[in-house]
Amino acid sequence: MKIRRILATAVAVAVTTPAVLLSVTPAFADSAPTAQTQAKPTLEELEKAAAEAQEAYDKALAAKTAAYGVLEEALSDTAPLALAAKAAKTAADEAGAAKTAADQAVTDAKAALDALPETATEEERTAAETAVTGAEATAATAAADKTAADAKAKEADTASDDARVAAVRAYSLVQKALADALDAKTAADDALAKAREEENENQDCVAEPGLTTVLTGVPDSITAGTTTALTLRVSNRSGKAMDNVLAHAFTHATDTSGLKETDKLLHLQWSTASSPKWHSIGGDHLINGIGPLKAGAHADIKLRLTIDASAPAGNGAAFVSADYANENGSCGGNPDIAMYDFGVLKAAKPKPGKTDSGTTGTTGTTGTGTTGTGTSGGSGPSAQGTASSNPVTTGGSLASTGSSSTTPQLALASGAAVALGAAAMFAVRRRRTGSQV
């Protein structure tokens, strides 16, 4: 019993230390000097900036719409200035035609005067001269009218052109203002989104002892070269629904000396009703075949542990845990890593005269330990052996090695402690960004 307590304590330290480090590190970071460093905007300030940027963008968009209407009207042939320019041009054209006619009248009058015969009377000559004088006066008036009409036409045309140019420039300015407003809005939105994401990332997951894991079918000993069927039940006894539940399982073993790790000779696979294919559990120790779990519900996962025939006799243990992540960013997990220990027996030698080339290993025999309640209690499959109240609980029993030394068991605990470091950080303090459905 003393050895078992030492074993559980050693692994418990490995499990809880990473969590402590994760919780302390931000505190150290927050206490760092902030002199000559610009204060980081708060989430409320970023939300206000984003709202103001949105308002500015809306105003810029409205200004662009209004400017486009002005531009469209200014470029139209029916715009008031365009109509005025057209009328002024018409008047100038008419004045020009009148001047041309008056000039022709002067020419005609002069020609008539020059065409008078020598026999023309004084009255006829005087009348011709008077006609020339009158035509010249009319031509002078027509010329002045044309000059005035041309000036008015030019002025009206310039006014119309200036209005169109001003409308184009105004539209160009509001277009740039809109683009700037959009850039500012995008930057503000991105900053707010990043701050919210960081807030979610920096929010530590909570401990949830109501998410329990119980492993059944662990025998006192397993013979190398055989496969053992196990069942892992994950129960949600927290009273709240969980959007995505993930389980973790890990095996660790050493030889009888406790100096040689034999983890690579142990192979753990899982399958569920929804994913009946056997999946190998990799270095992340992850079982992602559970999904959502309602309050009071449970999920059963089939496991099979295969030990290579070349594995030496020694000691082994299986570790299980679970955690969850919700769509709203909340997450957590059971801080206890349940441990179930077993002995590893060397593969039996084939009888004389027979070879083992066509013989497959048989399933390891189940031990004779008493039935307990598993990790956290509650209904469901019962773990073989007795359960401990320590953060790392045990089931089954360690196989007798014939040695009076505690070295093998402590080596097993030490190796599991190192291997479980990453799993503990993942299970106890998972962040939302690290969880995947």
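Residues numbered from 1 in each chain as written. Predicted model: local features only at pLDDT ≥ 70, side-chain atom pairs only at ≥ 80, totals over all residues. Heavy atoms only, no water.

On to the sheet that holds strand E6 (residues 266–271), then. On the basis of which strands lie adjacent, the open sheet formed by five strands has the order E2-E4-E9-E6-E7 and antiparallel pairing. The sheet is open, and its two edges are formed by strand E2 (211–216) and strand E7 (279–280), each paired on a single side. In this structure, E2 lies alongside strand E4 (residues 227–236), joined through six bridges in antiparallel fashion. Bridge pairing in E4 links Leu-215 to Leu-232. (Pairing = 2+ DSSP bridges. Helix = DSSP H or I, 4+ residues; strand = E, 2+ residues; numbered from the N terminus.)

In this section: a negative patch on the surface. A surface patch of negative charge is lined by Glu-122, Glu-123, Glu-124 and Glu-129. Residue placement: Glu-124 occurs in helix H4 (residues 122–201). (Patch = residues over 30% accessible without salt bridge, like charges linked within 9 Å, V, L, I, M, F, W, Y side chains within 5 Å. Areas by Shrake-Rupley, 256 points an atom, 1.4 Å probe, with all protein chains shown as cover. Salt bridge = Lys/Arg side-chain N within 4 Å of Asp/Glu carboxyl O. Lys, Arg positive; Asp, Glu negative; His and termini not counted. Charge placed at Lys NZ, Arg CZ, Asp CG, Glu CD.)

It is worth spelling out the pattern of salt bridges at this point. Counted according to the given criterion, the structure contains 10 salt bridges. Put simply, Glu-55 and Lys-59 hold a salt bridge, and the shortest N to O gap is 3.6 Å. Separated by four residues within a single helix, Glu-55 and Lys-59 lie in helix H2 (residues 43–74), roughly one turn from each other. The shortest N-O distance in the salt bridge between Glu-136 and Lys-110 comes to 3.4 Å. With Glu-136 in helix H4 and Lys-110 in helix H3 (residues 80–114), this pair connects stretches of sequence that are 26 residues apart. Accessibility expressed as a relative area gives 35% for Glu-136, which makes it partly exposed. With a relative accessible area of 39%, Lys-110 lands in the partly exposed category. (Buried < 20%, exposed > 50% of the residue type's maximum accessible area, 1.4 Å probe, protein only.)

Our focus in this paragraph is the packing of aromatic side chains. Enumeration over the complete set of coordinates arrives at two aromatic pairs. A ring pair is formed by Tyr-68 and Tyr-171, whose centres lie 5.6 Å apart and whose planes are at 55 degrees; its orientation type is tilted. Taken together, the positions of Tyr-68 in helix H2 and Tyr-171 in helix H4 put the pair 103 residues apart, joining distant regions of the chain. On the basis of relative accessible area, Tyr-171 is assigned to the buried category, the value being 14%. Here Lys-185 stacks its cationic end above the ring of Tyr-57, 6.0 Å away from the centre of that ring. (Phe/Tyr/Trp six-rings, centres within 6.5 Å; stacked < 30°, edge-to-face > 60°. Lys NZ or Arg CZ within 6 Å of the ring centre and 35° of its normal.)

Turning next to empty space enclosed by the protein. As enumerated under the stated definition, the model contains two cavities of 30 Å³ or more in all. For the second largest cavity, the calculated volume is near 30 Å³. Looking at the second largest cavity, the residues that line it are Leu-215, Leu-230, Ala-249, Phe-250, Thr-251, Leu-268, Leu-303, Ala-318, Phe-319 and Val-320. (1 Å grid on protein atoms, 1.4 Å probe; cavity = no way out; pocket = protein on both sides within 12 Å on 5 of 7 lines; lining within 4 Å. Points joined across faces, edges and corners; volume = space filled by probe spheres on them.)

Attention now moves to H2. If you check H2, its first and last C-alpha atoms are 46 Å apart, about what 32 residues at 1.5 Å a residue would give, namely 46 Å. Leu-43, Leu-46, Ala-50, Ala-53, Tyr-57, Ala-60, Ala-67, Leu-71 and Ala-74 are the residues of H2 that are buried. (Expected span 1.5 Å × (residues − 1).)

Moving on to the confidence of the model for the protein. On average, residues of the protein score 77 in pLDDT, and 70% of them reach the 70 mark or higher. Between the elements of the protein, mean pLDDT differs from a low of 36, seen in helix H1 (residues 2–30), to a high of 97, seen in E4. Note on residues 393–419: pLDDT under 50 across the span, and 75 contacts to partners over four residues away in sequence or across chains. A low-confidence stretch, residues 421–437 (pLDDT under 50), is modelled with 50 contacts involving residues beyond four sequence positions or located in other chains. (pLDDT = per-residue confidence, 0-100. Contact = heavy atoms within 4.5 Å.)

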